[in-house]
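What follows is the residue order along each chain.
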Amino acid sequence: MNESIVIIGGGASGLMAAIIAARNHGQVTILERNNRIGKKILATGNGRCNFTNAFASSIHYNHPDFVDSVLKQHSAIDTISFFESLGIAHKIEEEGKTYPLSDQASSMVDVLLYEVTRLKIDVRTEAKVVQIKKEKVGFTVILHDGQKIYASKVIVSTGGKAMPSSGSDGSGYALLQSLGHHSTTIFPALTKLTLDCPYLKHLDGVKIPGTVQLLSTNQVVQEESGDILFTSYGISGPPILELSRRANELLLLGTKVEIKVILVTHLTKEEVALRFEQSLDKPIDFSLVGLINKRLISPLLKDSGIANQTAKVSTLSKAQLFTLLSKLFDWRFVVTGSKGFEDAQVTAGGIMMSEVNKDTLESLLVKGLYITGEVLDIDGLCGGYNLQWAWSSGYVAGLHASKG
Ligand SMILES: Cc1cc2nc3c(=O)[nH]c(=O)nc-3n(C[C@H](O)[C@H](O)[C@H](O)COP(=O)(O)OP(=O)(O)OC[C@H]3O[C@@H](n4cnc5c(N)ncnc54)[C@H](O)[C@@H]3O)c2cc1C
């Protein structure tokens with residue numbers, strides 16, 4: 001007998017699960033609370049959809065053992081082939097980041113929608129699920145308007161809490177908790193950080209290539225390089241997104257968290273000290289022109305306790321020059337938090353992996369219940385890894401749920 005499979009959530013993992021289950025002769029229904037499916041996919045990769053990473057492996061995720069089992073069944077290469085077969089030509093950019101050749105996230109949604117229609121998958125939009133009831137055989141899924149839908153299998157693909165405006169408002173946790181599942185503490189990852197810094201107004205909009213370190217009680221816990229962007233609230237840019245998971249985790253533990261910005265990366269301290277010695281007649285602000293971004297000069301001098309920014313280098317004390325020199329290689333900012341789930345690309349934490357079968361993604365607590373994507377306690381690095389997890393987990397759940 002064909003399985004009647006209800007998939008809750010028409011995002012990346014739910015759509016993959018639906019297509020694979022329907023290809024395996026499942027009778028599939030997608031229940032999506034939005035008025036359309038695939039809304040978040042449209043926002044991915046700045047509208048270009050970095051849909052996988054050619055080098056994706058389990059080491060790019062928390063819970064690598066679990067992820068390994070899932071990626072072995074559907075790898076990044078499988079994802080590229082899957083989308084090629086639907087019409088998406090791909091290109092691989094730096095560090096393995098993979099995009100559709102069209103550079104349009106909407107083309108990803110278009111081909112998924114085409115396949116969903118071709119397979120005659122029943123898509124019900126504006127269908128918010130408020131409860132899943134386990135019956136003696138199968139499940140009753142209850143919608144916000146009281147409508148009840150029977151299913152022999154249920155796949156929960158509701159996403160986490162990142163970008164709630166896309167529909168993933170965290171309701172999946174409650175649905176699964178009411179069936180006995182537990183969630184770890186969830187927090188935003190791949191997000192911008194807020195800083196305690198009096199100079200943010202001056203720094204707002206300054207973009208510099210550089211290296212940043214995350215420090216917890218003075219110890220370096222992570223280092224990243226790339227374009228750093230100062231904003232009116234704090235700091236952003238790819239290296240900051242990468243640090244944000246660990247930063248938020250440490251803040252949750254009540255630890256003091258700092259960001260160290262290394263402004264000068266191509267010269268040694270001795271070489272910069274020599275520049276000062278050779279510029280004794282120059283104003284101190286001018287002596288920094290050509291070394292760092294001009295808009296950083298005033299806040300950096302203020303933070304170094306140099307009030308007269310046009311004072312000649314020769315008039316500054318040894319202590320002032322020492323502080324300035326130190327800050328060029330180690331400018332510290334206290335992290336107060338992050339921009340939250342609204343601005344985050346992914347949710348860290350989620351339904352506990354010890355409660356899910358790593359070979360099938362079936363719940364170990366409730367037979368016939370499967371869980372995919374970000375609602376689980378899995379998150380990956382920036383660069384296509386999170387969508388890869390969504391596709392792979394959707395594939396595995398869709399395949400095993402349709403097996404009978
Ligand atoms: C701005 C942004 C950019 C990103 N860019 C990238 C990128 O380039 N590359 C990358 O790898 N990752 C990226 N990500 C992360 C990636 O998009 C997610 O990890 C992935 O979409 C998660 O897939 P999912 O299926 O678990 O959940 P989602 O895609 O969030 O889908 C969940 C779906 O479930 C629906 N839903 C929720 N609750 C209910 C309910 N109770 N009833 C019915 N429906 C419900 C939601 O409306 C939603 O459509 C980005 C994320 C954001 C926010």
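What counts as what
- Residues numbered from 1 in each chain as written.
- Predicted model: local features only at pLDDT ≥ 70, side-chain atom pairs only at ≥ 80, totals over all residues.
- Heavy atoms only, no water.
- Domains from an automatic or database assignment.
- Contact = heavy atoms within 4.5 Å.
- Buried area = accessible area lost by both parts, 1.4 Å probe.
- Salt bridge = Lys/Arg side-chain N within 4 Å of Asp/Glu carboxyl O.
- Polar contact = N/O pair within 3.5 Å; in protein donor to acceptor, adjacent residues only side chain to side chain.
- Pairing = 2+ DSSP bridges.
- Helix = DSSP H or I, 4+ residues; strand = E, 2+ residues; numbered from the N terminus.
- Axes fitted to C-alpha atoms, helices over the stretch in contact; angles between N-to-C directions.
- Buried < 20%, exposed > 50% of the residue type's maximum accessible area, 1.4 Å probe, protein only.
- Near = heavy atom within 4 Å.

Q: Lay out the domain arrangement of the chain with the relevant residues and their values.
A: The domain boundaries assigned to the chain delineate domain 1 (4-187 + 346-401) and domain 2 (193-338). Relative to domain 2, the C-alpha centre of domain 1 lies at a distance of 40 Å. Contacts between the two partners involve eight residues from domain 1, matched on the other side by five residues from domain 2. Buried area between domain 1 and domain 2, both sides added, is near 530 Å², and the carbon and sulfur share of it is 64%. On the surface where domain 1 and domain 2 come into contact, there are one salt bridge. For the pair domain 1 and domain 2, the interface holds two residue pairs in polar contact (both at pLDDT 80 or more).

Q: Can you lay out the sheet that holds strand E6 (residues 122-124) for me, pointing to particular residues and giving the numbers?
A: As a general point, the strands of a sheet are linked pairwise by backbone hydrogen bonds and lie either parallel or antiparallel. Strand order in this open sheet of five strands is E6-E2-E1-E10-E19, and the pairing throughout is parallel. Here the strands that pair on one side only, and so sit at the sheet edges, are E6 and strand E19 (369-371). If you compare each strand with its neighbour and ignore which way they point, the axes differ by 20° on average. Lying over the sheet, helix H1 (residues 12-23) contacts strand E1 (4-8), strand E2 (27-31) and strand E10 (153-156), oriented at roughly 165° with respect to E2. Along the sheet, helix H13 (residues 385-401) makes contact with E1, E10 and E19, crossing E10 at roughly 175°.

Q: Can you break down unusual backbone geometry residue by residue, with the values?
A: We note that Cys49 has phi near 60°; this positive angle belongs to a residue other than glycine. Within the secondary structure, Cys49 sits in the loop between helix H2 (39-43) and strand E3 (52-53). At Leu361, a position not held by glycine, the phi torsion is positive, near 65°. By secondary structure assignment, the location of Leu361 is in the loop between strand E18 (346-348) and E19. For Leu361, a relative accessible area of 0% gives the class buried.

Q: Summarise the site of the ligand; cite the residues concerned and give the values.
A: Around the ligand, the surrounding shell holds 34 residues, and the nearest of these are Ser13, Glu32, Gly45, Glu374 and Leu387. Within the side chain of Glu32, an N or O atom sits 2.6 Å from an oxygen atom of the ligand. Glu374 is positioned such that a nitrogen or oxygen atom in its side chain is 2.6 Å from an oxygen atom of the ligand. At the level of secondary structure, the elements contributing two or more residues to the shell around the ligand comprise H1, H2 and H13. Here the shell around the ligand takes four residues from H13, the largest share from any one element.

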